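Results of the structural survey
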Amino acid sequence: MTAADDHPGIVGSPAPTERVLRWPDEAATAAFAARLAAAPELRRAFIALHGDLGAGKTTLVRHLLRACGVAGRIKSPTYAVVEPHEPTDAAGAWQAWHFDFYRFDDPREWEDAGFRDIFASTGLKIAEWPEKARGVLPTPDLDLFISSDADDVRHVTLTASTATGRALLRQVADGAPPQENLYP
Ligand SMILES: Nc1ncnc2c1ncn2[C@@H]1O[C@H](COP(=O)(O)OP(=O)(O)O)[C@@H](O)[C@H]1O
Ligand SMILES: [Mg+2]
């Protein structure tokens, strides 16, 4: 990390828009989720999760919702496309929607199922398989690209496209310097 990264307010040193992280095990995924849950910006963010089946997208969402104070069993939305949640913290309840667009193939559903309204609302929108809803989905604040290597280590690239996304990136990258040098 450079001195400029430590002081994102300095004129001429824009906030970073990309980070590479490494999750050696599910505990690392959970630790990341806990840092993300602590960001106030999460409550109005749209986060898109990319990666093959088994990459760990649903696992991350479950840890994140749990860290946000969602109690009980966290159902996966695979058949329903979206699963609403109501995280509760000291300030009260707020809204979170977990999307899985794997089976989304009719853009009319975007209007009919009220997805447009959800994306116009505050609250967290987090989506698996955003590629399947290309053309109707807005630009994510933050994109996560997750891949798994032969040792089951997850390599995660985070890309921020908005001020909200950059704020989230700062939050989760705290204490985690850019790791591009790990990939010569
Ligand atoms: N960081 C990690 N390291 C090792 N295994 C993980 C990690 N994250 C998740 N897993 C495991 O890999 C699987 C990922 O499944 P899932 O989260 O359903 O993937 P996806 O939603 O991307 O298809 C789960 O069995 C989970 O326990
Ligand atoms: Mg999944």
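Quick look at the structure, then. (Residues numbered from 1 in each chain as written. Chains lettered and ligands numbered in written order. Predicted model: local features only at pLDDT ≥ 70, side-chain atom pairs only at ≥ 80, totals over all residues. Heavy atoms only, no water.)

Attention now moves to the pairing of strand E6 (residues 96–100). For a regular strand, side-chain orientation follows a simple rule: the groups alternate between the two sheet faces. The element E6 is largely enclosed, with a buried count of five among its five residues. Across the two faces of E6 the burial is the same, with Ala-96, His-98 and Asp-100 and Trp-97 and Phe-99 all buried. One ladder, built from five bridges, connects E6 with strand E7 (residues 124–128); its direction is parallel. Each bridged residue has a counterpart across the sheet, and for Ala-96 the counterpart in E7 is Leu-124. (Buried < 20%, exposed > 50% of the residue type's maximum accessible area, 1.4 Å probe, protein only. Helix = DSSP H or I, 4+ residues; strand = E, 2+ residues; numbered from the N terminus. Pairing = 2+ DSSP bridges.)

The next subject is the coordination of the magnesium ion (ligand 2). The protein atoms that coordinate the magnesium ion (ligand 2) are Thr-58 (OG1) and Glu-128 (OE), at distances of 2.1 to 2.2 Å. Of this pair, Thr-58 sits in helix H3 (residues 57–67) while Glu-128 sits in strand E7, and the two are 70 residues apart along the sequence. Its relative accessible area of 3% is what places Glu-128 among the buried residues. (Donors = N, O, S within 2.8 Å, 3.2 Å for Na, K, Ca; no water.)

What follows deals with the packing of aromatic side chains. All told, the structure shown has 12 aromatic pairs when counted by the stated rule. Here Phe-104 and Phe-115 contribute two aromatic rings whose centre-to-centre distance is 6.3 Å and whose plane-to-plane angle is 40°, an arrangement assigned as tilted. Remark: Phe-115 occurs in helix H5 (residues 115–119) and Phe-104 occurs in the loop between E6 and helix H4 (108–112); sequence separation between them is 11 residues. A relative accessible area of 5% means that Phe-104 is categorised as buried. We classify Phe-115 as buried; its relative accessible area is 2%. Clustering of aromatic rings is evident, with ring pairs tying together Phe-46, Phe-99, Phe-101, Phe-104, Trp-110, Phe-115 and Phe-119. Lys-132 extends its terminal NZ or CZ atom over the ring of Tyr-102, reaching a point 4.6 Å from the ring centre. (Phe/Tyr/Trp six-rings, centres within 6.5 Å; stacked < 30°, edge-to-face > 60°. Lys NZ or Arg CZ within 6 Å of the ring centre and 35° of its normal.)

Attention shifts here to the nonpolar core. Counting 33 residues, the largest nonpolar core has Trp-23, Phe-32, Leu-42, Ile-47, Leu-64, Leu-144 and Leu-158 as the members making the most contacts within it. Elements with a contribution of two residues or more to this core: strand E1 (18–23), helix H2 (26–37), strand E2 (46–50), H3, E7, strand E8 (142–148), strand E9 (154–160) and helix H6 (163–173). Among the elements that line this core, the one with the most residues is H2, at five residues. Setting aside residues no more than four positions away along its own chain, Trp-23 makes contact with Ala-28, Thr-29, Phe-32, Leu-60, Leu-144, Ile-146, Val-153, Arg-154 and Val-156. Judged by nonpolar contacts, the second largest core, of 16 residues, contains Phe-46, Val-81, Phe-115 and Ala-133. (Core = buried A, V, L, I, M, F, W, Y, C linked by side-chain atoms within 4.5 Å. Contact = heavy atoms within 4.5 Å.)

The next subject is the pairing of E8. The pairing of E2 with E8 spans four bridges and is classified as parallel. Within E8, the position partnered with Ile-47 by the bridge is Leu-142. Here seven bridges tie E8 to E9, and the two strands are oriented antiparallel to one another. Each residue of the ladder has a partner; that of Asp-143, found in E9, is Thr-159. Here E8 folds back onto E9 in antiparallel fashion, the turn holding five residues, of which Asp-152 has a positive phi close to 70°.

All quantities given are derived from atomic positions and should not be read as evidence of function.
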